[in-house]
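# Fold and contact review
As a plain string of letters, each chain reads:
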Amino acid sequence: MVLNKKVKRTILENKSRYLGSFLLILLSCMLYTGFNISGPSVKHTVDEFRKDNKMEDASFIMQKPIDNVTELEREYNILLESRKTLDYKYDDDKTIRILGATEKVNKYSITNGNALKNSGDLLIDREFAKANKLECGSKIKIYQGEYVITGFFSTPDYTYILKTENDMVVNHNAFGVALISKEDFSNIPEGYSYYMVKFNEENAAQFKEEISKNNIIVKWQNADEITRITTIDGDADSFVQVGSLVPFIILIITCVMVSVFIWRLLRDEFVQLGTLYALGYKKSVLLRYYLSYPFVLAICGGILGTIAGVFFSKVLMSVFIYKYNLPQLSGHNIYSTLFVSIILPFIFLIPVTYIVIHKALKRPALELIKNSGNKVKVGFIERRLKLQFFNFNIRFRIKDMVRNLQMKGLIFVGIAFASLLLLFGFAANDSINYMFTSMVDTYTNEFDYKFNSIQTMAPEYGEIESFSPVIAKDKNGKEITFIAYGIDKNAKLVKFKDLDSNPVRLDNTVISAPLAAKLGLNEGDILNAKNKLSLKELPIKIDKLVEDYNNYVYMPIDIFNKLNDYPQGSYMGILSDKRLEIDDSKLVSVLVAKDQKEGFKTYMELEKVMLGILGLISFMIGLILIYVITTLSIESNKQSISLMKILGYGDKKIGSLILGTNNFIVILGYFVSVPLILVLMGKLFEVIGSQMNVNIPSRISNINIFICFVFMFFTYKFSESLCKRKLARISMADSLKNRGE
Amino acid sequence: MFLEIKNLKKTYNAGNVPFIALKSVSMTLEKGQICVILGPSGSGKSTLINILGGIDYADEGTVVVDGTDITKLKDKQLTEYRKDQVGFVFQFYNLIPNLTVYENVEISANISKDPEDIMKMLDAVGLKDSKDKFPRELSGGQQQRVSIARALVKKPKILLCDEPTGALDFEMATEVLKLISEINRKFNTTVLIITHNNAIADMANKVIKLRSGQIVEDRLNTNLISPERIEW
């Protein structure tokens with residue numbers, strides 16, 4: 001049809017606005033596909049991995065070995081297996097946690113190479129191997145024995161390879177896990193054993209009671225309280241959330257923008273429309289013709305965006321693969337995601353533009369030919385504005401803003417959204433940074449040795465501590481688990497600050513402020529908790545609330561021991577500012593502050609990549625939106641601009657009058673997004689934090705608020721400079737050709 | 001001599017075919033005179049007024065307005081020239097629809113160094129009571145009067161009127177011409193009117209006829225008729 005030739009020509013005549021819309025659609029489809037393939041694929045892979053490899057429901061350490069494993073398995077319908085482990089110093093600054101291969105619980109999968117077959121075979125985690133230049137066939141010496149790496153492995157209880165429960169970030173260079181056969185491990189005298197249990201019924205409490213009868217549970221951890229197991233869930237969930245929110249917001253913004261310029265296109269073509277009606281064209285034909293504009297955008301943006309999304313999902317998955325030790329990631333629901341991604345732009349664009357087009361086409365032919373419906377109307381608000389006290393320039397700008405509320409609103413929403421994305425990266429960065437700094441400020445020790453049983457001999461060096469998981473009911477009556485610590489009241493390596501940032505003496509019993517808020521406690525209140533292992537009631541009097549992101553209670557160790565009926569002077573850990581010589585077989589873990597710092601540095605490097613991606617997306621959204629909307633605004637003011645030029649207005653002055661209000665809109669949009677991001681981050685961190693059992697604070701520093709503002713304002717000014725070129729190109733002849741108002 | 005045009009030439013390229021709009025046009029005008037330029041479509045009237053108004057460029061020749069050759073001016077200087085020295089009145093008024101009558105005049109006063117009082121100007125064109133109305137609430141003649149007030153508020157040295165009565169009926173056209181004539185007398189503004197309408201020539205001091213880009217008649221009118229007596 002001849003009309004179709006016009007589509008191509010009109011698009012080419014207004015390249016920038018169609019290209020901008022196309023890019024936004026492409027971006028939203030790319031993000032949708034990327035996040036919705038990677039997030040669910042990771043979740044699916046992890047779920048299957050946990051199911052197939054029988055991930056533990058809990059792990060625990062007993063004072064004495066359990067001698068009736070088979071009976072217990074039968075009686076409680078459980079899988080119970082013990083595993084030996086030890087932290088081996090591979091190098092001065094590097095530790096490999098050696099794990100015994102299991103057959104029933106936390107079974108391993110090979111990600112590369114061969115399974116354990118012969119004595120002396122060893123499997124290692126891929127990222128540690130990569131960071132330390134180890135390959136299949138490389139040899140590792142563990143104590144007196146030499147082992148050959150036969151492959152890389154993953155196990156469901158070590159998806160996020162954290163050395164201790166206090167670590168936040170992985171350091172692949174300094175810590176890794178390796179697997180050897182049970183037989184080989186039995187030849188190594190060092191190390192200790194713990195049990196892993198998988199329940200098939202709701203009988204964990206009965207089982208615990210049974211094993212406590214003639215034995216003592218030294219440590220018990222449910223799988224959902226172990227950060228190295230659960231962190232990946234929060235990460236994958238946040239991908240799913242981003243994938244189901246961000247692309248839709250971009251699509252909604254694009255949809256409004258396309259509707260606005262399709263309406264402008266129609267308005268400019270009222271006379272042509274009327275003429276086509278007069279020539280005998282049917283409404284349905286014209287409707288199809290105008291719908292072809294959003295159709296072209298949707299089909300191009302949808303298909304290319306989806307293809308780009310497939311590649312983007314690979315990038316996102318590679319982040320997971322680097323961060324987590326997973327078996328081969330398998331795609332989940334890929335075809336349905338691709339299908340939805342391609343049709344999404346249609347779902348958004350076609351109905352809205354249909355309404356807009358239909359509204360124009362239902363006008364009578366005569367009205368269209370006379371263009372009588374296209375007279376500029378002065379709105380209700382504009383008529384009632386009392387602006388006589390302002391000078392002309394201010395009045396002109398205010399009227400321009402009121403007249404173009406729809407477009408200004410779109411710029412506002414677009415800028416606020418782009419700023420949110422940008423601030424998200426910085427806020428995430430600042431929040432993690434705050435957590436890390438807060439941790440480093442609180443725990444100034446260089447080493448933290450945790451024993452696998454209660455110690456009674458006074459240490460040669462260091463400050464003693466004890467700890468136990470406790471449960472208490474929160475304000476809503478829901479049971480929550482946290483750690484209660486006992487600490488030497490003269491300790492110098494742990495430093496608390498109260499809510500006014502004043503130091504708190506360690507002869508006080510303190511509770512972290514977020515935990516106190518959850519439990520509805522204040523200073524002077526009694527916390528009625530229960531020891532999770534012994535189920536002993538622990539009435540704890542709270543002396544002070546302290547500022548921290550973690551959930552904990554600290555008390556003097558003598559009070560802790562008394563409450564728990566532990567021998568006076570006993571302890572379970574030592575904090576030290578120097579390395580201590582302690583028999584490895586006595587230890588569960590050793591936390592090295594230096595490794596944590598290194599891990600944090602690596603993590604921040606990854607964060608910078610994320611900041612770059614978010615910055616680029618924000619820049620694109622901001623640039624396209626401001627450019628397209630401002631260009632529309634310039635075109636709808638073409639006659640006035642042309643006339644102003646004839647009257648002697650310079651381009652600069654016209655630019656300031658026509659585009660000046662955008663300064664205000666951009667600033668407003670940005671500053672609205674600042675408190676909004678803190679609220680949204682708070683909600684997101686609540687979800688992630690609940691899986692990591694921490695309270696991630698939602699923070700953003702003033703300097704970063706300023707940097708983001710400069711970035712957004714630069715984006716706006718860059719876009720404005722492009723628009724000004726367009727403004728300069730408006731000819732004075734346009735005004736001379738004008739007919740009527 | 002207030003205005004002196006010498007050997008003015010202008011050619012447009014419509015595709016590959018050159019179109020000569022002005023072929024060596026020369027003319028003069030004294031301060032305070034009304035000049036009517038007559039001619040059929042395509043005779044070069046609009047090109048001449050556009051170059052004179054500083055919104056188009058000459059290929060050759062000189063246009064000296066009050067001692068300044070505007071063909072030598074750069075873009076910025078031309079903007080200043082339009083701002084300070086020229087007032088435009090268009091056939092279709094070209095008012096800004098979202099601005100009130102007052103504001104449509106003010107948009108011009110806003111950039112002028114020494115503008116006339118806006119209310120005084122509106123009073124002069126008989127629209128003092130309509131200052132808060134929007135253009136679409138006015139008749140064609142009233143809109144053209146706003147356009148004249150807008151042109152005159154910055155006290156231009158020359159008023160360029162492009163078919164000022166072309167879109168008006170007889171009564172309204174007479175009103176507008178009367179106003180132009182009064183303004184000319186009151187402010188001693190030099191006025192240049194281009195029109196198809198031969199009858200308007202009777203109110204001008206000078207009449208120039210253009211055909212195919214050339215002046216075919218250039219005469220002084222000694223028998224001036226006031227606008228209200230002009231008929232067509």
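Scoring rules and cut-offs
- Residues numbered from 1 in each chain as written.
- Chains lettered and ligands numbered in written order.
- Predicted model: local features only at pLDDT ≥ 70, side-chain atom pairs only at ≥ 80, totals over all residues.
- Heavy atoms only, no water.
- Helix = DSSP H or I, 4+ residues; strand = E, 2+ residues; numbered from the N terminus.
- Buried < 20%, exposed > 50% of the residue type's maximum accessible area, 1.4 Å probe, protein only.
- Areas by Shrake-Rupley, 256 points an atom, 1.4 Å probe, with all protein chains shown as cover.
- Lys, Arg positive; Asp, Glu negative; His and termini not counted.
- Charge placed at Lys NZ, Arg CZ, Asp CG, Glu CD.
- pLDDT = per-residue confidence, 0-100.
- Phe/Tyr/Trp six-rings, centres within 6.5 Å; stacked < 30°, edge-to-face > 60°.
- Lys NZ or Arg CZ within 6 Å of the ring centre and 35° of its normal.
- 1 Å grid on protein atoms, 1.4 Å probe; cavity = no way out; pocket = protein on both sides within 12 Å on 5 of 7 lines; lining within 4 Å.
- Points joined across faces, edges and corners; volume = space filled by probe spheres on them.
- Nonpolar A, V, L, I, M, F, W, Y, C, P; charged D, E, K, R; others polar.
- Pairing = 2+ DSSP bridges.
- Axes fitted to C-alpha atoms, helices over the stretch in contact; angles between N-to-C directions.
- Contact = heavy atoms within 4.5 Å.
- Disulfide = S-S within 2.5 Å.
- Buried area = accessible area lost by both parts, 1.4 Å probe.
- Salt bridge = Lys/Arg side-chain N within 4 Å of Asp/Glu carboxyl O.
- Polar contact = N/O pair within 3.5 Å; in protein donor to acceptor, adjacent residues only side chain to side chain.
- Right-handed = clockwise from strand over helix to strand, strands pointing away.
- Patch = residues over 30% accessible without salt bridge, like charges linked within 9 Å, V, L, I, M, F, W, Y side chains within 5 Å.

## Some remarks on the overall build of chain A
In terms of helices and strands, chain A carries 22 helices and 22 strands. Here chain A, with 741 residues, has 56% of them falling under the buried criterion. When the accessible surface of chain A is totalled, it reaches about 32600 Å², and 58% of it is carbon and sulfur. Both charge centroids of chain A, one from 89 positive and one from 76 negative side chains, sit 17 Å from each other.

## Section: the confidence of the model for chain B
All names here are of chain B. When pLDDT is averaged along chain B, the result is 89; 100% of the residues meet or exceed 70. The secondary-structure element of chain B with the lowest mean pLDDT is helix H6 (residues 170–187), recorded at 87, while strand S4 (residues 60–65) shows the highest, at 96. Here the complex is predicted with pTM 0.74, and the ipTM for its interfaces comes to 0.73.

## Overview of the packing of aromatic side chains
Residues and elements named next belong to chain A. This model, assessed by the stated rule, comprises 43 aromatic pairs over all chains. Among the aromatic residues, those joined into a ring-pair cluster are Phe35, Tyr160, Phe239, Phe312, Phe320 and Tyr324. We note Arg228 situated over the ring of Tyr158; from NZ or CZ to the ring centre the distance is 4.3 Å.

## Some words on empty space enclosed by the protein
Residues and elements named next belong to chain A. Counted according to the given criterion, the structure contains four cavities of 30 Å³ or more. Of the volumes computed, that of the largest cavity is approximately 100 Å³. Among the elements of the structure, strand S22 (587–592) and helix H18 (593–636) are those that each provide at least two residues to the lining of the largest cavity. Class assignment for the residues of the lining of the largest cavity results in seven nonpolar, two polar and three charged.

## Description of the sheet that holds strand S3 (residues 34–38) of chain B
Residue and element names in this part refer to chain B. The mixed open sheet is built from six strands, whose spatial order is S6-S7-S8-S3-S9-S10. Each end of this open sheet is capped by a strand with a single partner; those strands are strand S6 (86–89) and strand S10 (214–220). Taken over all neighbouring pairs, the strand axes of this sheet differ in orientation by 15 degrees on average, direction set aside. Across five bridges, the pairing between strand S7 (residues 158–162) and strand S8 (residues 190–195) is parallel. When the sheet's bridge partners are listed, Leu159 is paired in S8 with Val191. The strands touched by H6 are S3, S7 and S8; relative to S8, the strand with the most contacts, the crossing angle is about 155 degrees.

## Quick look at the state of the cysteines
All names here are of chain A. Counted by the stated rule, this structure contains zero disulfides over all chains. Summary of cysteine pairing: Cys29 is not part of a disulfide, and the nearest cysteine sulfur, belonging to Cys300, is at 11 Å. Its relative accessible area of 33% is what places Cys300 among the partly exposed residues.

## Quick notes on helix H3 (residues 101–109) of chain B
Counting buried positions along H3 of chain B gives eight out of nine residues, so the element sits mostly inside the fold. Residues of H3 of chain B that are buried: Val101, Glu103, Asn104, Val105, Glu106, Ile107, Ser108 and Ala109 of chain B. Taken together, the buried residues of H3 of chain B touch helix H14 (392–403) and helix H19 (638–647) of chain A together with helix H4 (118–124) and helix H5 (140–152) of chain B.

## So, the interface of chain B and chain A
Facing the 29 residues of chain B at the interface are 29 residues of chain A. Each partner contributes to the roughly 2800 Å² buried at the junction of chain B and chain A, and carbon and sulfur atoms together form 60% of this total. Sorting the residues of chain B by area buried against chain A places Phe92, Asn98 and Arg136 of chain B first, and these three jointly supply 22% of that buried surface. Taken together, chain B and chain A are joined by three salt bridges. A salt bridge links Glu103 of chain B to Arg395 of chain A, with the nearest nitrogen and oxygen atoms 3.6 Å apart. Taken together, chain B and chain A are joined by seven residue pairs in polar contact (both at pLDDT 80 or more).

## Brief notes about the environment of Glu209 of chain A
Residues and elements named next belong to chain A. Relative to the helices and strands, Glu209 resides in helix H6 (residues 204–212). By relative accessible area, Glu209 is classed as exposed at 57%. Between the C-alpha atom of Glu209 and that of Leu533, which follows or precedes it by 324 residues, the distance is 9.5 Å.

## Here's the deal with the pairing of S8 of chain B
Here is the key point about a regular strand: its side chains alternate between the two faces of the sheet. Residues and elements named next belong to chain B. The element S8 is largely enclosed, with a buried count of six among its six residues. Burial along S8 is two-sided: Thr190, Leu192 and Ile194 facing one way and Val191, Ile193 and Thr195 facing the other are all buried. Sheet topology places S3 next to S8; five bridges connect them, and they run parallel. Paired with Ile37 across the bridge in S8 is Ile194. As a crossover connection, the stretch from S7 through H6 into S8 is right-handed.

## Observations regarding unusual backbone geometry
Residue and element names in this part refer to chain B. In this structure, Asn7 takes a positive phi of about 45 degrees despite not being glycine. On the secondary structure map, Asn7 appears in strand S1 (residues 3–14). At Asp66, a residue that is not glycine, the phi angle is positive and equals roughly 50 degrees. With respect to the helices, strands and loops of the structure, Asp66 is situated in the loop between S4 and strand S5 (68–69).

## Some thoughts on the sheet that holds S4 of chain B
Residues and elements named next belong to chain B. The four strands are arranged S2-S1-S4-S5 in an open sheet whose pairing can be described as antiparallel. Strand pairing shows two members of the sheet lacking a second neighbour, strand S2 (17–29) and S5, which therefore form its edges. Inspection of the sheet shows S4 paired to S5 by two bridges, in the antiparallel sense. Counted as the bridge partner of Val64 is Asp69 from S5. Most of the contacts of helix H1 (residues 45–52) go to S1, to which it runs at about 120 degrees, and overall it touches S1, S2 and S4.

## A short note on a nonpolar patch on the surface
Residues and elements named next belong to chain A. A cluster of nonpolar residues, Phe295, Ile299, Ile303, Leu304, Ile307, Phe311 and Ile342, forms a patch on the protein surface that exposes about 610 Å² of accessible area. The element best represented in the nonpolar patch is helix H10 (residues 283–323), accounting for six residues. Owing to a relative accessible area of 32%, Ile342 belongs among the partly exposed residues under this scheme.

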